[in-house]
Amino acid sequence: MTQAHTAQAQMAQAQMAHAQWDAVDNYFEQALVPSDAALEAALQASSKAGLPEINVTPSQGKLLHLMARMCGAQRILEIGTLGGYSSIWLARALPLDGRLVTLEYEPLHAEVARENLERAGLSGLTEVRVGRALETLPQVEADGLGPFDFIFIDADKPSNPDYFVWALRLSRPGTVIVVDNVVRDGAVADGDSDDPAVQGIRRMSELAAGEPRVTGTAIQTVGTKGYDGFAAFLVTA
Ligand code: SAH
Ligand code: DHB
Ligand code: MG
């Protein structure tokens, strides 16, 4: 077989696998993850405003929602808002006096997110703070918004080690920290990778490994967003 044939066969195989990942996501979404007008409108408004379609999938969004409920979260911190799709799932886990603070660098993303949260009836529980997260996190701390019960890290991946340190700082024993996109098509396994995102994920993992206050793991996922994964940590002390 020529190289072109081999590459073509590999691509066809990858496409078949991906079609199956889509089918399984679609099956479980239909069975277990009913959508609703506010979630649909959030995706539509985000797309219309030209935001990148890199929000968590419905199944992932619901998993975040369930995890936040499982730990009885009353204060949630999200780093990386985009159009607020994951924010809606997370804020819906809160009690009526709960609070979600979500940090976003792009003013347009933040504006779309605020509208989406408003439409979802969640304005009173949520706050979108605009700026580089490493610059807004000190104010979140100074304003006494922590400690948080649940923290979702999903912004620029090279900064993950810094976000992880901040997450710990804004945690209490029992806090759950979830990090999105830690696998990146498997690239994370290559220690020699010069991808700053991969290096960020690896350095964060090494930090976590050396930090006696946390214990964690990472899970690979496939689905409509391709091959990626989540890391999850429990703050123990
Ligand atoms: N959590 C969202 C997706 C977030 S995408 C969801 O699943 O629905 C990542 C977001 O992080 C983008 O909107 C991007 O603008 C934002 N971002 C990138 N760098 C950032 C930074 N330094 N501080 C805060 N947000 C940042
Ligand atoms: C990217 C970022 C994300 O948060 C995500 O879930 C998928 C992709 C990205 O920057 O490419
Ligand atoms: Mg993500």
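None of the values given here were measured: they were computed from a predicted structure. (Residues numbered from 1 in each chain as written. Chains lettered and ligands numbered in written order. Predicted model: local features only at pLDDT ≥ 70, side-chain atom pairs only at ≥ 80, totals over all residues. Heavy atoms only, no water.)

**Overview of the sheet that holds strand β2 (residues 99-104)**
Part 1 of the reasoning: Reading across from one edge, β3-β2-β1-β4-β5-β7-β6 is the order of the 7 strands in this open sheet, with mixed pairing throughout. Here the strands that pair on one side only, and so sit at the sheet edges, are β3 (126-130) and β6 (214-223). Strand-to-strand twist of the sheet, defined as the mean angle between neighbouring strand axes without regard to direction, takes the value 15°.
Part 2 of the reasoning: Note that strand β5 (residues 176-180) and strand β7 (residues 226-235) share 5 bridges and pair antiparallel. What sits directly across from Asp180, in β7, is Phe230.
Part 3 of the reasoning: Against the sheet, helix α3 (residues 58-70) makes contact with β1 (75-79), β4 (150-153), β5, β6 and β7, and its axis sits at roughly 155° relative to β4, the strand it touches most. (Pairing = 2+ DSSP bridges. Helix = DSSP H or I, 4+ residues; strand = E, 2+ residues; numbered from the N terminus. Axes fitted to C-alpha atoms, helices over the stretch in contact; angles between N-to-C directions. Contact = heavy atoms within 4.5 Å.)

**Concerning the site of ligand 2**
Part 1 of the reasoning: Around ligand 2 sit Ile54, Asp154, Lys157, Asp180, Asn181 and Lys225, and that is every residue in its neighbourhood.
Part 2 of the reasoning: Between ligand 2 and Asp154, the relevant distance is 2.7 Å, taken from an oxygen atom to a side-chain nitrogen or oxygen of the residue.
Part 3 of the reasoning: Within the side chain of Lys225, an N or O atom sits 2.5 Å from an oxygen atom of ligand 2.
Part 4 of the reasoning: In the complex, 66% of the free accessible area of ligand 2, which totals 290 Å², lies under the protein chains. (Near = heavy atom within 4 Å. Polar contact = N/O pair within 3.5 Å; in protein donor to acceptor, adjacent residues only side chain to side chain. Areas by Shrake-Rupley, 256 points an atom, 1.4 Å probe, with all protein chains shown as cover.)

**Structural notes on the site of ligand 1**
Part 1 of the reasoning: Around ligand 1, the surrounding shell holds 22 residues, and the nearest of these are Gly80, Ser86, Glu104, His109 and Asp154.
Part 2 of the reasoning: Taking Leu82, its main chain carries an N or O atom lying 3.4 Å from an oxygen atom of ligand 1.
Part 3 of the reasoning: Ser86 places a side-chain nitrogen or oxygen 2.8 Å from a nitrogen atom of ligand 1.
Part 4 of the reasoning: Coverage of ligand 1 by the protein chains reaches 90% of its 580 Å² of free accessible surface.

Structural measurements only, silent on function.
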